[in-house]
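Structure at a glance
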Amino acid sequence: RRCILIGAPVQAGTRRLGCDMGPSAYRAAGLGPALAGLGLIVEDRGNLAPEPVSVPPHPNPAIHGLPEVAAWTAALADAADAAAGEGVPIFLGGDHSLSAGTVSGIARRAAREGRPLFVLWLDAHPDLHTLDTTTSGHLHGVPMAYATGAPGFVGYLPPLAAPVAPEHVCMIGLRSVDPAERAILRDAGIRVHDMRAIDESGIGLLLAAFLDGVAAAGGLLHVSLDVDFLEPGIAPGVGTTVPGGATFREAHLAMEILHDSGLVRSLDLVELNPFLDERGRTALLMTDLAASLMGRRVLDRPTRSF
Ligand code: DIR
Ligand code: MN
Ligand code: MN
Ligand code: MN
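About the criteria used
- Residues numbered from 1 in each chain as written.
- Chains lettered and ligands numbered in written order.
- Predicted model: local features only at pLDDT ≥ 70, side-chain atom pairs only at ≥ 80, totals over all residues.
- Heavy atoms only, no water.
- 1 Å grid on protein atoms, 1.4 Å probe; cavity = no way out; pocket = protein on both sides within 12 Å on 5 of 7 lines; lining within 4 Å.
- Points joined across faces, edges and corners; volume = space filled by probe spheres on them.
- Helix = DSSP H or I, 4+ residues; strand = E, 2+ residues; numbered from the N terminus.
- Nonpolar A, V, L, I, M, F, W, Y, C, P; charged D, E, K, R; others polar.
- Buried < 20%, exposed > 50% of the residue type's maximum accessible area, 1.4 Å probe, protein only.
- Polar contact = N/O pair within 3.5 Å; in protein donor to acceptor, adjacent residues only side chain to side chain.
- Contact = heavy atoms within 4.5 Å.
- Core = buried A, V, L, I, M, F, W, Y, C linked by side-chain atoms within 4.5 Å.

1. Concerning the layout of surface pockets
Estimates place the volume of the largest pocket at around 240 Å³. In this structure, the largest pocket is lined by 16 residues; those nearest its centre are Leu 253, Glu 256, Ile 257, Asp 260 and Arg 301. Sorting elements by how many residues they give to the lining of the largest pocket places helix H9 (residues 248–261) first, with 6 residues. Computed from the structure, the second largest pocket encloses a volume of approximately 200 Å³. Lining the second largest pocket are 17 residues, and of these His 125, Asp 127, His 140, Gly 141 and Asp 178 sit closest to its centre. For the lining of the second largest pocket, the per-class residue count stands at no nonpolar, 10 polar and 7 charged.

Given below as structure tokens:
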């Protein structure tokens with residue numbers, strides 16, 4: 001198996017500076033060697049640098065960084081589509097606006113392969129704002145709306161080749177939902193598990209139920225892991241900490257189950273802000289989680305079948 005590391009130092013999706021240092025921090029934390037140590041072929045393609053595009057001004061005056069996000073979206077969609085044909089691309093973010101590109105690119109590839117794309121969104125936030133509903137104007141809050149074909153992006157972000165069906169999206173870890181997003185979550189058909197659901201049912205059960213559906217549909221799975229999915233006490237290196245996140249054990253269990261499923265086709269590691277980190281501990285934790293997802297385990301054990 002081959003892993004392709006693609007640096008995406010995207011910063012335009014938030015006014016809080018520092019996410020552009022993310023790819024360097026993952027390299028310093030030893031992500032490449034950690035994956036190679038699992039017997040994987042690891043290819044680090046360095047950082048992407050998109051061509052500038054021009055975008056008309058949007059009527060929502062809060063919006064920040066739209067031309068930059070449009071440029072990244074186009075470049076990342078092409079990179080994701082191409083790399084997913086060669087191995088498992090791992091995108092080293094960069095803020096979460098980068099997933100507008102990675103998810104839409106993988107969706108395009110899945111459509112060409114005639115297979116449905118499923119997305120697992122591990123995040124404190126649903127990132128379901130449209131350009132019209134965002135009040136922060138931070139485009140790290142819009143990628144899932146864009147990728148699922150919500151209205152209002154045409155003429156601003158690149159045209160979508162293949163929108164992701166909302167019923168194929170599962171969000172786990174939510175604990176900060178804005179009013180406009182709450183309305184979408186109520187009506188769109190996305191599978192949502194907030195922190196309370198994790199407390200009540202256990203993350204393993206919730207995740208396995210989703211993965212059973214992916215396997216039954218013959219789907220491809222893209223995983224988008226936002227640092228703020230994690231409890232801030234163990235992952236302080238992010239600009240939007242929300243108390244009460246996933247614990248170390250819950251996060252590793254999720255990664256190990258994802259590995260067992262054999263369904264993961266691509267991965268985003270997003271929102272790491274090394275400027276806010278404590279001696280690299282968040283970068284190291286995200287690196288260990290990626291290694292768990294790619295097959296690191298304590299014991300060999302029979303895997304559950306999906
Ligand atoms: C927040 C997004 N709901 C906003 N926050 C995020 O700015 O619209 N943090 N995505 O990670
Ligand atoms: Mn996010
Ligand atoms: Mn988030
Ligand atoms: Mn379906």
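2. Quick look at the side chain of His 138
Tracing the chain through its elements places His 138 in the loop between strand S4 (117–122) and helix H5 (143–147). When its relative accessible area of 17% is taken as the criterion, His 138 is described as buried. At 3.1 Å, the side chain of His 138 forms a polar contact with the side chain of Arg 15. Apart from residues lying up to four places away in sequence, His 138 is in contact with Gly 13, Thr 14 and Arg 15.

3. Some points on the nonpolar core
For soluble globular proteins, the rule of thumb is that nonpolar side chains tend to be buried together. Counting 51 residues, the largest nonpolar core has Ile 90, Leu 120, Leu 221, Leu 258 and Leu 269 as the members making the most contacts within it. Leu 120 has contacts with Cys 170, Ile 172, Leu 207, Phe 210, Leu 221, His 222, Val 223, Ser 224 and Leu 258, leaving out every residue within four places of it along the chain. Listed in part, the 31 residues of the second largest apolar core include Trp 72, Val 119, Trp 121 and Leu 220.

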